[in-house]
Amino acid sequence: MVTTAALIVAAGRGHRVGGPLPKQYRSLAGGTVLGHSVRRFATHPRVGTVRVVINPADRQLYDGALLENGGAEAGALLAPVAGGETRQESVRNGLESLADAPPDLVLIHDGARPLVSDAVIDGALDALAGHDGALPALAVSDSLKRAAPGSALVAGAVPREGLWRAQTPQGFRYPAILDAHRAAAGAALTDDAAVAERAWLSVALTAGDEDNLKITTEQDFARAERIMAAQGESAVSPAIALETRVGMGFDVHRFGPGDHLMLGGVAVPHDRGVVSHSDGDVVLHAIVDAVLGAMAAGDIGSHFPPSDDTWRDADSAHFVNHTLAMLRKRGGHLSHVDVTVICQRPRIGPHRQAILARLAEVLGLAPARISLKATTTERLGFTGRGEGIAAQAVATVRLPAGGGDDG
C-alpha cells in the first residue's frame, strides 16, 4: 500500500495581513488559517500523516491553534518540527524529520493556503504514478507587461503562452525530493518544484484551483472568509449556520506585595502587585469569562479552580488558549473584544500599544478587532482608594446556531 505524508510549511513570520500575529495563526471561519490547512490533509483518505514545520518561537500559538483543538486532525498529526532561516531550509528539515519512517509520497503545502480542495490533492497524487513530481497550477490568462527598469512605464509585452501560476501542494516521491533538497542546500530556489527541476526530476503540471489562494494580504483574508462562508465551511462541520453571541466578563484583584501587574499579557511596572492564585491578569481573566459567557460554558473558576495547584502562578494566556480551543471545537470563532480597565493607578495609556499588540497575539485577532480602554472611579470605592484593580470585557463570537453547553 502506498503511504503518503503531508508536510505543511508554516515557519514564516509574515505580517502583511496586519497586526503582530503571523498570518497562519489568524482566526478564519471558526478556526485558524493553519488549522484549516492541516484539516484539509488530515481528513483526506489518501493522506496518512501530517507534519507541520513551525518557527519554534510560535510553539504556543501552534498548540493553541492545533493541539488543543481536537477534532479530525488529532489522529494524523505528528509533532511539529522546527523550520530554518529560509523556506527551502524549512522544507528540508521537515523532509529529514520523516526519514525514520519514510513515506512513499510526500505533499508539500503552504500553511497559508487553507482552501485546498480534495480534487487538487487527488490530482497531485495521481500524477505521481508516472512522474517524480506534481505541480498544481493555473494557466496565465491575463496579458503580461514588463516595466522599464526603475520606472512604472510599460517597456513591452511578455508572451503568456506556456506560463503557469504555481500552487501547492506540490507532490513528490519522497526519496527523490529528499535527495534533491539535500543536494540543493544553500541554493536560493523559489519552490520545491524548482528544487526537483534542478535535480532533473520530471514534474507534471496538474489542475490547480482559483480558490486555492495563498493568504498574503488583508484582501486575500477577506476573500477566503467569503469563500468559506459561501461554502458553509466551519472548523468542525460543513454547511452549518452560525449565529452571533455576546458575552460579558468581569475580574478584580486586590493589591499586594510586588513591583508589577500583568495586564493583557504585559508586565506593567507598579509599586504593588496583586493577590492572586495565577498571575492575576484581570484583563485576560475578564476576556476568558466573556468568551465562556458567550458559549454559556460556565466561568473561569469552573475551568481553572483556585484550589488546583496546577494553576498557581500560571500565565493567564494558557486560560485564553484553552477557552479559544473550546470555542473552535464547537465550530465558533472570536470576532471582537472590548475591554475596560478600572483603576486609579497605574496609568494604562503609556502601555496601551504594547497591551494591544500582546492581546492581538494571544487572541488571534487583528488589532482593529480589539478595543482597550481605561477609566478611574473618581477616587470612589476600592479602586479609587488604590486598594485594587478591575477589568470588564465584552466578547463577540460566531457560534453554530443552537450550540449549548457541552462542558
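All figures in this text were calculated on a predicted structure; none of them were measured in a lab. (Residues numbered from 1 in each chain as written. Predicted model: local features only at pLDDT ≥ 70, side-chain atom pairs only at ≥ 80, totals over all residues. Heavy atoms only, no water.)

Time to look at the pattern of salt bridges. If you walk through the whole model with that rule in mind, you get 16 salt bridges. The closest approach of N and O atoms between Asp192 and Arg87, which form a salt bridge, is 3.0 Å. With Asp192 in helix H6 (residues 192–198) and Arg87 in helix H3 (residues 87–97), this pair connects stretches of sequence that are 105 residues apart. Overall, the relative accessible area of 26% leaves Arg87 in the partly exposed class. Here Asp271 ties to Arg345 by a salt bridge, and the two come within 3.6 Å at their closest N and O atoms. Taken together, the positions of Asp271 in the loop between strand E15 (266–269) and strand E16 (273–274) and Arg345 in the loop between strand E17 (333–342) and helix H11 (352–363) put the pair 74 residues apart, joining distant regions of the chain. With relative accessibility at 49%, the residue Asp271 sits in the partly exposed group. (Salt bridge = Lys/Arg side-chain N within 4 Å of Asp/Glu carboxyl O. Helix = DSSP H or I, 4+ residues; strand = E, 2+ residues; numbered from the N terminus. Buried < 20%, exposed > 50% of the residue type's maximum accessible area, 1.4 Å probe, protein only.)

Let's shift gears to helix H7 (residues 218–230). Its 13 residues place the ends of H7 19 Å apart at the C-alpha level, agreeing with the 18 Å of an ideal helix rising 1.5 Å per residue. Listed in full, the buried residues belonging to H7 are Phe221, Ala224, Ile227 and Met228. All buried residues of H7 fall inside an arc of 125 degrees around its axis, so they share one side. With respect to the buried face of H7, the exposed residues turned more than 90 degrees away are Gln219, Arg226, Ala229 and Ala230. On its buried side, H7 packs onto strand E2 (27–28) and helix H1 (33–42). (Expected span 1.5 Å × (residues − 1). Arc of directions from axis to C-beta. Contact = heavy atoms within 4.5 Å.)

Omega for the bond connecting Thr168 with Pro169 falls within 30 degrees of zero, at 15 degrees, which places this linkage in the cis form. On the secondary structure map, Pro169 appears in the loop between strand E10 (164–166) and strand E11 (170–173). Cis peptide bonds are those with omega within 30 degrees of zero, and the linkage from Arg345 to Pro346 qualifies with 5 degrees. Note on placement: Pro346 falls in the loop between E17 and H11. One non-glycine residue, Ala296, lies in positive phi territory at about 55 degrees. Although it is not a glycine, Glu378 sits at a positive phi angle of roughly 55 degrees. Its place among the elements puts Glu378 in the loop between strand E18 (370–375) and helix H12 (381–384).

The next point concerns helix H5 (residues 174–183). Along H5, the residues that are buried comprise Tyr174, Ile177, Leu178, Ala180 and His181. All buried residues of H5 fall inside an arc of 165 degrees around its axis, so they share one side. Buried residues belonging to H5 abut H3, strand E6 (105–110), E11 and H6.

A separate point is the confidence of the model for the chain. Here the chain averages 85 in pLDDT, and 91% of its residues register 70 or above. Note on residues 68–74: pLDDT is under 50 here. Beyond four places in sequence and across chains, it has 13 contacts. The model gives residues 235–240 a pLDDT under 50, and that stretch makes 17 contacts with residues more than four places away or in other chains. (pLDDT = per-residue confidence, 0-100.)

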